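# Coordinate analysis (summary)
Letter by letter, the chains look like this.
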Amino acid sequence: MVGRYIAVLLLGLLLGAAVGYAIPKQGSCLFERSKFSDAPSGEVTIIYGFDANYPPFTVMQPNGTPMGFDVDLMNLIAEKYGWKIVYKPWDWSTIVTALENGDIDVIASGMTFNAARSQKIWFSVPYYSYVHQLVVRSEDKRSFDEILNSNEYIAVQLGSTSDEWADRLIKAGYKFKKLGLDSYVSALEALLDGRASAVITDSAFLGPYLKKDPYLAAKVKVLGSIGAPNVYAIATRPQDKWLRDKINEALEELMNSPKWNELLKKWGLD
């Protein structure tokens, strides 16, 4: 766990350095005042946007109650400060726009900290690291390159970093067709029912998901990783410095407490 924590921090620093040149400094007059630029008076209500089907980070239960690692995380942060949270599931392909437009105040749902998103939104300190993976059915004997040059469908979640990876690979000359779906769960189902020959997914999703279902785990295999490790962080509007500072304070306190390992174990992320 220490190695993962160090890796997360190092990746966060590298990402911050990579995008810093393109983003105005905090406090810049280029940013208009926003809802949480400074400490609000009275009760603080945070509209929390998330993907309704991204286990084990965020899932909407049939009774309308959200659950998952990130839900617990946001609840603990809110509890520390006495904030009220309004839960708002959102289509992942438009969730960044929703944050920019003020429809939600934060995104905590396995949101990858990367340069493209950092041009529009700002992130907390990172809290979890993962890799992208190419996954096929267990009986498929083809190699990594054969799958990517099969002219067959590879499933991804629309608006996700796996979607970005598919576009990047196609642009690089690999010959496959992209099947964009509304969640990683749907993408995995497409692989299992034969609509796709492979899935590009996140290890953060796949590992815990297969842990819960050994029968399903026997039906698929990971061919290999794609690209370098990535990190998750909580997204806010650039202007909302007060909110981001409070989230960072709570996150670092939590990650340096015994409660952190308990949360990871609870959701199969240890």
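Residues numbered from 1 in each chain as written. Predicted model: local features only at pLDDT ≥ 70, side-chain atom pairs only at ≥ 80, totals over all residues. Heavy atoms only, no water.

This part takes up the overall build of the protein. What the protein contains, in helices and strands, is 11 helices and 13 strands. The burial tally for the protein puts 49% of its 270 residues in the buried class. Within the protein, contacts between residues separated by at least 24 positions form 74% of all contacts whose residues are at least 6 apart in sequence. (Helix = DSSP H or I, 4+ residues; strand = E, 2+ residues; numbered from the N terminus. Buried < 20%, exposed > 50% of the residue type's maximum accessible area, 1.4 Å probe, protein only. Contact = heavy atoms within 4.5 Å.)

Take the pairing of strand S9 (residues 153-157) next. Here is the key point about a regular strand: its side chains alternate between the two faces of the sheet. Where burial is concerned, most of S9 is hidden: 4 out of the 5 residues are buried. Pairing geometry for S9 and strand S10 (residues 177-181), over 5 bridges, is parallel. The partner of Val 156 across the bridge, within S10, is Gly 180. Of the crossover connections in this fold, the one passing from S9 over helix H6 (residues 161-171) to the parallel S10 is right-handed. (Pairing = 2+ DSSP bridges. Right-handed = clockwise from strand over helix to strand, strands pointing away.)

To continue, consider the nonpolar core. Membership of the largest hydrophobic core comes to 53 residues, with the highest contact counts inside it found for Phe 69, Tyr 127 and Ile 234. Among the elements that take part in this core, helix H10 (residues 241-255) stands out by supplying 7 residues, more than any other. Of the domains in this structure, domain 1 (32-127 + 233-266) and domain 2 (130-230) are the two that each give at least three residues to this core. Among the nonpolar cores identified, the runner-up in size contains 15 residues, and Ile 95, Ala 98, Phe 123 and Val 231 belong to it. (Core = buried A, V, L, I, M, F, W, Y, C linked by side-chain atoms within 4.5 Å. Domains from an automatic or database assignment.)

In this section: the confidence of the model for the protein. Summing up the model confidence of the protein, the mean pLDDT is 90 and the portion of residues at 70 or higher is 88%. For residues 1-10, every residue scores under 50 in pLDDT, and the model assigns this stretch 14 contacts once sequence neighbours within four places are set aside. Long-range and interchain partners of residues 12-30, a stretch whose pLDDT sits below 50, account for 18 contacts in this model, where long-range means more than four residues apart. (pLDDT = per-residue confidence, 0-100.)

Taking strand neighbours across the sheet as the criterion, the 5 strands line up as S10-S9-S11-S8-S12 in an open arrangement whose pairing is mixed. What marks the edges here is a single partner per strand, and that holds for S10 and strand S12 (220-232). Looking at each pair of strands side by side, their axes are set apart by 25 degrees on average, direction ignored. Alignment of S9 against strand S11 (residues 198-202), held across 2 bridges, turns out to be parallel. Looking at S11, one finds that Ala 155 is bridged to Val 199. Sitting on the sheet, helix H7 (residues 184-192) touches strand S8 (128-137), S9, S10, S11 and S12, and the angle it makes with S11 is about 155 degrees. (Axes fitted to C-alpha atoms, helices over the stretch in contact; angles between N-to-C directions.)

Here the focus is the packing of aromatic side chains. The geometry of an aromatic ring pair comes down to the distance between the two centres and the angle between the two planes. All chains considered together, the criterion is met by 20 aromatic pairs. Relative to Tyr 184, the ring of Tyr 54 has its centre 5.6 Å away and its plane inclined at 45 degrees; by these criteria the two rings are tilted. Remark: Tyr 184 occurs in helix H7 and Tyr 54 occurs in strand S2 (residues 53-54); sequence separation between them is 130 residues. Residue classification places Tyr 184 among the buried positions, given a relative accessible area of 2%. Each ring, one from Trp 83 and one from Trp 242, has its centre 5.8 Å from the other, and the planes form 50 degrees; the classification is tilted. Linking Trp 83 in the loop between helix H2 (69-81) and strand S5 (84-89) with Trp 242 in helix H10, this pair joins segments that are 159 residues apart in sequence. An identical accessibility class is assigned to Trp 83 and Trp 242; each is buried. Clustering of aromatic rings is evident, with ring pairs tying together Tyr 54, Phe 57, Phe 69, Tyr 127, Tyr 128, Tyr 130, Tyr 184, Phe 205, Tyr 209, Tyr 232 and Trp 260. The residue whose ring lies beneath Lys 177 is Tyr 153, and the NZ or CZ to ring-centre distance is 4.7 Å. (Phe/Tyr/Trp six-rings, centres within 6.5 Å; stacked < 30°, edge-to-face > 60°. Lys NZ or Arg CZ within 6 Å of the ring centre and 35° of its normal.)

In this structure, Pro 56 follows Pro 55 across a cis peptide bond, with omega equal to 0 degrees. Following the sequence through the fold, Pro 56 ends up in the loop between S2 and strand S3 (58-60). In this model, Asn 151 sits at a positive phi of 60 degrees, which is unusual for a non-glycine residue. You can see Asn 151 is positioned in the loop between helix H5 (144-148) and S9.

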